[in-house]
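# Chains, contacts and geometry: an overview
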Amino acid sequence: MSPRTVTARSSTATAAAATEAGFPFRLEDVRARSAALGEPAWLLERRLQAWAATERLPFPTVKDEAWRRTDLHAMPRPSLALGSGGPQAIDRELLQPLAGELHGALLALTPGQEPVREGGRDLARRDVIFTDWATAVREHPEILERWLGKAVADDEGLFAALAASLASDGVVVHVPAGVRVAQPLHSVLWA
């Protein structure tokens, strides 16, 4: 029988100290993201509430059940930055269907660029929404207002709060009750 090795770490840094070292993002970044997307007032207010949560929530540690197997203490928070990522060509291999030859629709996002869309013409006829965040804000704000934060609350943890306050790229999928989508929906975020 091989010997068992147990490794333990201790840290004198508190969660509050980790948050103080924090991310380089500011309240102005939240307002700028919302303004750049032309978001309605209710969505800006939601972002601001999420930002308030980022200011009070501790940085996760291995003592938190959800993070006990992921040690983030060395994450280079101060060097992270928001940005569009600049123009980049999407690797064409990533646009191939993930489920054999099938996909009902493809949505490929590159920050700062127009989305690449393929297929999905029948989705709209069935009131299925499969679109990027900016289009959802413009064309389907009622769906966002109804469903945002239902699966993961904006203040469920520091990373949920950061995402709710600062995210500007993403895929929105809404399938109405009673509608079945048989073909896979394929999305790629190329950042």
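Residues numbered from 1 in each chain as written. Predicted model: local features only at pLDDT ≥ 70, side-chain atom pairs only at ≥ 80, totals over all residues. Heavy atoms only, no water.

Quick look at the pattern of salt bridges now. Tallying each qualifying case throughout the model produces six salt bridges. In this structure, Asp 154 and Arg 46 form a salt bridge, with 3.0 Å as the shortest nitrogen-oxygen distance. Taken together, the residues span a long stretch of sequence, with Asp 154 in the loop between α6 (141-147) and α7 (158-166) and Arg 46 in helix α3 (residues 41-56) at a distance of 108 residues. Judged by relative accessible area, which is 21%, Arg 46 ranks as partly exposed. Of the charged contacts in the structure, one is a salt bridge between Arg 56 and Asp 155, with a shortest N-O distance of 3.6 Å. Within this pair, whereas Arg 56 is found in helix α3, its partner Asp 155 is found in the loop between α6 and α7, the two being separated by 99 residues in sequence. Residue Arg 56 is classed as exposed on the basis of its relative accessible area of 54%. Assessed through its relative accessible area of 43%, Asp 155 is described here as partly exposed. (Salt bridge = Lys/Arg side-chain N within 4 Å of Asp/Glu carboxyl O. Helix = DSSP H or I, 4+ residues; strand = E, 2+ residues; numbered from the N terminus. Buried < 20%, exposed > 50% of the residue type's maximum accessible area, 1.4 Å probe, protein only.)

It is worth spelling out the sheet that holds strand β1 (residues 105-109) at this point. Sheets are built from strands that pair by backbone hydrogen bonding, the pairs being arranged parallel or antiparallel. Within the open sheet, the three strands sit side by side as β2-β1-β5. Their pairing is mixed. Of all strands in the sheet, those bounded by a partner on one side alone are β2 (116-119) and β5 (185-189). Mean inter-strand twist for the sheet, computed between neighbouring axes without regard to direction, equals 5°. Summarising the sheet, β1 and β5 pair through five bridges and their orientation is parallel. Within β5, the position partnered with Ala 108 by the bridge is Val 188. (Pairing = 2+ DSSP bridges. Axes fitted to C-alpha atoms, helices over the stretch in contact; angles between N-to-C directions.)

Among the nonpolar cores identified, the biggest contains 13 residues, and Phe 23, Phe 25, Trp 51, Leu 158, Leu 162 and Leu 166 are the most heavily contacted of them. Elements supplying a minimum of two residues to this core: α3 and α7. Excluding residues that lie within four positions of it along the chain, Phe 25 makes contacts with Trp 51, Leu 80, Ala 81, Leu 82, Leu 162 and Leu 166. The next biggest cluster of nonpolar side chains, apart from the first, holds eight residues, and it includes Leu 37, Val 137, Leu 144 and Val 172. (Core = buried A, V, L, I, M, F, W, Y, C linked by side-chain atoms within 4.5 Å. Contact = heavy atoms within 4.5 Å.)

Here Asp 127, not a glycine, exhibits a phi torsion of approximately 65°, which is positive. The topology assignment puts Asp 127 in the loop between α4 (121-125) and β3 (129-132).

Our next topic: the packing of α3 against α7. In a packed pair of helices, the relevant descriptors are the angle between the two axes and the axis-to-axis distance. At their nearest, the axes of α3 and α7 sit 8 Å apart, and the two run at 150° to each other. Accordingly, the angle class assigned to the pair α3 and α7 is roughly antiparallel. Here the hand of the crossing between α3 and α7 comes out left-handed. In this structure, α3 contributes Arg 47, Ala 50, Trp 51, Ala 53 and Thr 54 to the contact, and α7 contributes Leu 158, Ala 161, Leu 162, Ala 164, Ser 165 and Leu 166. Here the contact of α3 with α7 is built from residues that sort into eight nonpolar, two polar and one charged. (Parallel < 35°, antiparallel > 145°, perpendicular 65-115°, else oblique. Left-handed = near helix turned anticlockwise from the far one by under 90°. Nonpolar A, V, L, I, M, F, W, Y, C, P; charged D, E, K, R; others polar.)

Let us now look at the confidence of the model for the protein chain. Of all residues in the protein chain, 81% attain a pLDDT of 70 or more, and the chain-wide mean is 83. When the elements of the protein chain are averaged for pLDDT, helix α1 (residues 15-21) gives the smallest value, 38, and α3 the largest, 96. Taken as a whole, residues 6-19 scores under 50 in pLDDT and shows ten contacts with residues more than four places along the chain or in a different chain. (pLDDT = per-residue confidence, 0-100.)

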